[in-house]
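Architecture at a glance
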Amino acid sequence: MPDDCLFCRIAGGAIPTDFEHEDDRVVAFRDINPQAPTHILIVPKRHIATVNDLAADDADLVGHMMLTARSLAENEGIAGPGYRLVVNCNPDGAQSVYHIHLHLMGGRQLRGLG
Ligand code: AMP
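1. Here's the deal with helix H2 (residues 59-76)
The terminal C-alpha atoms of H2 lie 26 Å apart, and with 18 residues this matches the ideal 26 Å at 1.5 Å per residue to within 8%. Every buried residue of H2 is listed here: Leu 61, His 64, Met 65, Thr 68, Ala 69, Leu 72 and Ala 73. If you follow the buried residues of H2, they end up packed against strand S1 (19-22), strand S2 (26-30), strand S3 (38-44), strand S4 (83-86) and strand S5 (102-106). Of the residues flanking the end of H2, it is Gly 77, one or two places downstream, whose phi is positive at about 75°.

The following block contains the structure:
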């Protein structure tokens, strides 16, 4: 676990954070700068810097992140109205924390990407 990785420190408990969900593989907590009424980050406990660093045998972990997001969306009451899941990668993708995370955003009408 890199000592200087913010999300490793949050996931490992070094930075006290209220988790919306925790299991053996992921934690989920509210974004510090929310872009929507619900904005939760789903973060693997294991350090993986970017999507480019995922291995083939991480497929189950990535699927677990998405299913965790769906469950959180249900808890937040936004599953029916809808929500957005986003993963940013590297500078052109506007990634700012280099430990992969899935953004769950909803609770308002989001603008289309087109
Ligand atoms: P990204 O730009 O995709 O790397 O997203 C990183 C996200 O982490 C941003 O939306 C930040 O607002 C969020 N963030 C940064 N520091 C914290 C923190 N200490 N607690 C919760 N969210 C954070």
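2. Considering the site of the ligand
Around the ligand, the surrounding shell holds 16 residues, and the nearest of these are Asp 31, Asn 88, Ser 96, Val 97 and His 103. Between Asn 88 and the ligand, the recorded distance is 2.8 Å, taken from a side-chain N or O atom to an oxygen atom. Between Ala 94 and the ligand, the recorded distance is 3.0 Å, taken from a backbone N or O atom to an oxygen atom. The protein chains hide 81% of the 500 Å² of surface that the ligand would expose on its own. Residue assignment for the shell around the ligand shows that the elements contributing at least two residues are helix H1 (6-11) and S2. Classifying every residue of the shell around the ligand by side-chain character gives eight nonpolar, six polar and two charged.

3. Remarks on the sheet that holds S3
Taken in spatial order, the five strands line up as S1-S2-S3-S5-S4 in an open sheet, and their pairing is antiparallel. Each edge of the open sheet carries a strand with a single partner, namely S1 and S4. Across the sheet, the axes of successive neighbouring strands diverge by a mean angle of 15°, strand direction being ignored. Pairing analysis gives five bridges linking S3 to S5, with the strands arranged antiparallel. Among the inter-strand pairings, Ile 42 is bridged to a residue of S5, identified as Leu 102. This element, H2, spans S1, S2, S3, S4 and S5 of the sheet and lies at about 155° to S3.

Here is what the cut-offs are and how they apply
- Think of each chain on its own: its residues are numbered from 1, step by step along the sequence as written.
- The predicted origin of the model limits local features to residues at a pLDDT of at least 70 and limits the giving and counting of side-chain atom pairs to 80 or more, whereas totals for whole chains, interfaces and linings rest on all residues.
- Hydrogens and water are ignored here; the side-chain numbers use all heavy atoms of the structure.
- Under the DSSP-based scheme used, a helix requires at least four consecutive residues in state H or I and a strand at least two consecutive residues in state E, with every element numbered from the N terminus.
- Here the expected length of a helix is defined as 1.5 Å per residue gap, with one fewer gap than residues.
- Throughout, exposure labels follow a simple rule: accessible area from a 1.4 Å probe, protein chains only, divided by the maximum for the residue type, with under 20% read as buried, over 50% as exposed, and the rest as partly exposed.
- Residue contacts are defined here by distance: any two heavy atoms, one from each residue, within 4.5 Å place the two residues in contact.
- Throughout, the term near means that a residue has one or more heavy atoms lying within 4 Å of the molecule or strand in question.
- As used in this structure description, the phrase polar contact means that two N or O atoms lie within 3.5 Å; if the pair is within protein, one of them must be able to donate a hydrogen and the other to accept it, and residues adjacent in sequence are counted only when both atoms belong to side chains.
- Here the accessible surface of atoms and residues is derived via Shrake-Rupley with a 1.4 Å probe, and residues count as covered only by protein chains that are part of the display.
- Amino acids are sorted into nonpolar (Ala, Val, Leu, Ile, Met, Phe, Trp, Tyr, Cys and Pro), charged (Asp, Glu, Lys and Arg) and polar (every other residue, Gly among them).
- Strands are labelled as partners when DSSP assigns at least two bridges between them.
- Here an axis means a line fitted to C-alpha atoms, over the contact stretch when the element is a helix, while the angle between two N-to-C directions is reported on a 0 to 180 degree scale.

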